[in-house]
Amino acid sequence: MHPRPGYILLLMKQPQVLGILADLLKQGSHAVAIARSEDHALARARLNPPVLIIVAGDQRNWSSNLGELRRYANTHQILLVALTDTHAPSWIYQEDNPGFDGFLVNPISSDILSSLVHSAQARQRGYALG
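Within each chain, residue numbers correspond to sequence positions counted from 1 in written order. Local features are withheld for residues below a pLDDT of 70 in this predicted model, meaning they are given only at 70 or higher, and side-chain atom pairs are given and counted only at 80 or more; totals for whole chains, interfaces and linings count all residues. Hydrogens and water molecules were not included; the side-chain quantities draw on all heavy atoms of the structure.

**Q** I tried to follow helix α3 (residues 65–75) on my own but got confused; where do I start?
**A** Turn by turn, an α-helix covers 3.6 residues, leaving residues three or four places apart pointing in a common direction. Residue burial is assigned from relative accessible area. The probe radius is 1.4 Å, only protein chains are included, and a residue is buried under 20% of its type maximum, exposed over 50%, and partly exposed in between. What counts as a helix is a DSSP run of H or I of at least four residues, what counts as a strand is a run of E of at least two, and both are numbered from the N terminus. Of all the positions in α3, only Leu66, Gly67, Leu69, Arg70, Tyr72 and Ala73 are classed as buried. Remark: Gln77 follows α3 within two positions and exhibits a positive phi of approximately 55°.

**Q** Honestly, the packing of aromatic side chains in this entry has me stumped. Any pointers?
**A** How two aromatic rings sit relative to each other is given by the distance of their centres and the angle of their planes. Two aromatic rings from Phe, Tyr or Trp, using only the six-membered ring of Trp, form a pair when their centres are within 6.5 Å; if the ring planes differ by under 30 degrees the pair is stacked, by over 60 it is edge-to-face, and anything between is tilted. In this structure the tally under the stated criterion is one aromatic pair. Arranged with centres 5.6 Å apart and planes meeting at 70°, the rings of Phe100 and Phe103 form a pair that is edge-to-face.

**Q** How should I be thinking about the packing of helix α2 (residues 38–47) against α3 in this particular structure?
**A** For any two helices packed against each other, the geometry is given by the interaxial angle and the distance between the axes. Angles shown run from 0 to 180 degrees and are taken between the N-to-C directions of axes, each axis being a line fitted to C-alpha atoms and, for helices, limited to the stretch in contact. Where α2 meets α3, the closest approach of the two axes is 9 Å, and the angle between their N-to-C directions is 20°. Between α2 and α3, the interaxial angle falls into the category roughly parallel. α2 and α3 meet at a crossing whose hand is left-handed. For the pair α2 and α3, contact is made by Glu38, Asp39, Ala41, Leu42, Ala45 and Arg46 and by Asn65, Leu66, Glu68, Leu69 and Tyr72, respectively. Relative orientations are named as follows: roughly parallel for angles under 35 degrees, roughly antiparallel for angles over 145 degrees, roughly perpendicular for angles from 65 to 115 degrees, and oblique for any other angle. Left-handed describes a crossing whose near helix is turned anticlockwise from the far helix through less than a right angle; right-handed describes the clockwise counterpart. Note on contacts: a residue pair is in contact if any heavy atoms of the two residues lie within 4.5 Å.

**Q** I tried to follow the pattern of salt bridges on my own but got confused; where do I start?
**A** It is possible for side chains of opposite charge to pair when their charged atoms get near one another. We define a salt bridge as a side-chain nitrogen of Lys or Arg found within 4 Å of a carboxyl oxygen belonging to Asp or Glu. Under the counting rule described, the total for this entry stands at four salt bridges. With a shortest N-O distance of 3.1 Å, Arg46 and Glu68 are connected by a salt bridge. Here the residue Arg46 occupies a position in helix α2, and Glu68 occupies one in helix α3, the gap between them amounting to 22 residues. The class for Arg46 is partly exposed, based on a relative accessible area of 47%. On the basis of relative accessibility, which here comes to 28%, the residue Glu68 falls in the partly exposed class. Between Arg123 and Asp101 there is a salt bridge, with its nearest N and O atoms 3.4 Å apart. Within this pair, whereas Arg123 is found in helix α4 (residues 110–129), its partner Asp101 is found in the loop between β4 (79–85) and β5 (102–106), the two being separated by 22 residues in sequence. Salt bridges linked by common partners bring Arg46, Glu68 and Arg71 together as one network.

**Q** Sorry if this is basic, but what is going on with the pairing of strand β3 (residues 52–56) here?
**A** Look at any regular strand and the pattern is simple: side chains alternate between the two faces of the sheet. Taking burial as the measure, the five residues of β3 include five buried ones, the bulk of the element. Burial along β3 is two-sided: the face carrying Leu52, Ile54 and Ala56 and the face carrying Ile53 and Val55 are both buried. Following DSSP output, two strands are said to pair if at least two bridges run between them. The sheet contact formed by strand β1 (residues 8–12) and β3 spans five bridges and is parallel. When the sheet's bridge partners are listed, Ile8 is paired in β3 with Leu52.

Just distances and angles here, no functional claims.
Structure (structure tokens):
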């Protein structure tokens, strides 16, 4: 079963973050799909492009396929953001950024998350109209 159009794809390598983030998204009535690897996320996105991809996990665990996911997101105007924790921030130098559109700091509020989803939807709607 595929999520409905406009869904959010969570690439989660840290299961402890998953529940909180998924719950916040579902409270906002957003459809959510979960991928456990970059390959899985790319395959899922190719079947049904999401409006937003949120990547959670330590940057040392990102594979080279994250670049492929970035290229796919660019082609379909999908917002791609990384989620980091306040107690263990993983800020990276701009030249080491694999192409994220932005970074979120966990814990994230429902207002911030809702604003991000609306921005992603507007970006994709503008792409579809153009």
